[in-house]
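Each chain, letter by letter, is given below.
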Amino acid sequence: DGTLRLSRRATITGSGTDLLANNAGALLEVIDGGFNVLNININNAAGGTIAVNEDLTINRTGGAHTNDGAIVVNSGKLEMTTGSLTGTGTLAIQAAGTASFTGSSTSADFSNINTAGQLLITGPTVNPAASQGTGVASFSSSPNVPGALTLTGDQPVALAAARSDVLVGARF
């Protein structure tokens, strides 16, 4: 129930079933120093918060991450390149933030995605139960967004390639 701050290019690495637990009331905060890496399974419990204020990469090969709390990308970039992220938590991307999910072996489930910043999905499955925002959404490769994804405001939705299987409702 405390605070763990990552800064100055910190890396946390685990092996096997090692777990970084962020319990209810706890804060995992990424602060100054740029590129930080988590190579460990993460459990962000209900009531826990992961605050991204600088770049953070989650790239545990075969990682099984859980988010039942809140992941808030205030600034910098949250990037998940491999593994799965499941749970009932929220992803909030502020105007100066970016969340990027890349790689065919990546999947992420959220009960809610709120974005004023950038949400980039390249290849993986991202399942928002509800999603809304005023930021920029960018999709490429073969993203799978089976839940509702609603963008409000006059922000662009970018498709990296001509796609006949993507339906985007927009006012023209």
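Residues numbered from 1 in each chain as written. Predicted model: local features only at pLDDT ≥ 70, side-chain atom pairs only at ≥ 80, totals over all residues. Heavy atoms only, no water.

A. The arrangement of the overall build of the protein chain in detail. When helices and strands are counted, the protein chain shows zero helices and 20 strands. Residues counted as buried form 38% of the 172 residues belonging to the protein chain. Looking at the protein chain alone, contacts between residues at least 24 apart form 21% of all its contacts between residues at least 6 apart. (Helix = DSSP H or I, 4+ residues; strand = E, 2+ residues; numbered from the N terminus. Buried < 20%, exposed > 50% of the residue type's maximum accessible area, 1.4 Å probe, protein only. Contact = heavy atoms within 4.5 Å.)

B. Region of the structure containing the nonpolar core. One finds Leu-38, Leu-78, Leu-91, Phe-101 and Phe-110 to be the most contacted residues of the largest nonpolar core, which totals 26 residues. Residue assignment for this core shows that the elements contributing at least two residues are strand E4 (27–30), strand E7 (49–52), strand E8 (56–58), strand E10 (70–80), strand E12 (90–102), strand E13 (106–110) and strand E15 (118–122). (Core = buried A, V, L, I, M, F, W, Y, C linked by side-chain atoms within 4.5 Å.)

C. Representation of the confidence of the model for the protein chain in the model. Overall, the predicted model of the protein chain reaches an average pLDDT of 76, with 69% of residues at or above 70. Here strand E18 (residues 136–140) stands out as the element of the protein chain with the lowest mean pLDDT, 48, in contrast to E7, whose mean of 96 is the highest. Note that pLDDT drops below 50 for residues 138–144; the model gives that stretch 27 contacts with residues more than four away or on any other chain. Across residues 159–172, where pLDDT falls below 50, the model places 10 contacts with residues more than four positions away in sequence or in other chains. (pLDDT = per-residue confidence, 0-100.)

D. Highlighting the pairing of E10. The pairing of E7 with E10 spans four bridges and is classified as parallel. Its bridge partner lying in E10, Val-52 is registered against Val-73. Both E8 and E10 contribute to a ladder of three bridges, which runs parallel. From the neighbouring strand, Thr-57 faces E10, where its bridge partner is Glu-79. (Pairing = 2+ DSSP bridges.)

E. Highlighting the pattern of salt bridges. Within this structure, the stated rule accounts for two salt bridges. Of the charged contacts in the structure, one is a salt bridge between Asp-32 and Arg-8, with a shortest N-O distance of 2.9 Å. With Asp-32 in the loop between E4 and strand E5 (36–39) and Arg-8 in the loop between strand E1 (3–6) and strand E2 (11–13), this pair connects stretches of sequence that are 24 residues apart. (Salt bridge = Lys/Arg side-chain N within 4 Å of Asp/Glu carboxyl O.)

F. View of the pairing of E4. In this sheet, E4 lies alongside E1 in parallel orientation, the contact comprising four bridges. Paired with Arg-5 across the strands is Glu-29, a residue of E4. With four bridges joining them, E4 and E7 adopt parallel strand pairing. By the bridge assignment, Val-30 is partnered in E7 with Val-52.

G. Here's a closer look at unusual backbone geometry. In this structure, Arg-8 takes a positive phi of about 55° despite not being glycine. Judged by relative accessible area, Arg-8 falls into the exposed class, the value being 62%. With a phi close to 65°, Arg-9 is a non-glycine residue in the positive phi region. Mapped onto the elements of the fold, Arg-9 is located in the loop between E1 and E2.

H. Structural detail: the environment of Thr-81. Mapped onto the fold, Thr-81 is located in the loop between E10 and strand E11 (83–86). Look at Thr-81 and you get partly exposed, because its relative accessible area is 25%. The sequence separation of Thr-81 and Thr-102 amounts to 21 residues, and the corresponding C-alpha distance is 5.0 Å.

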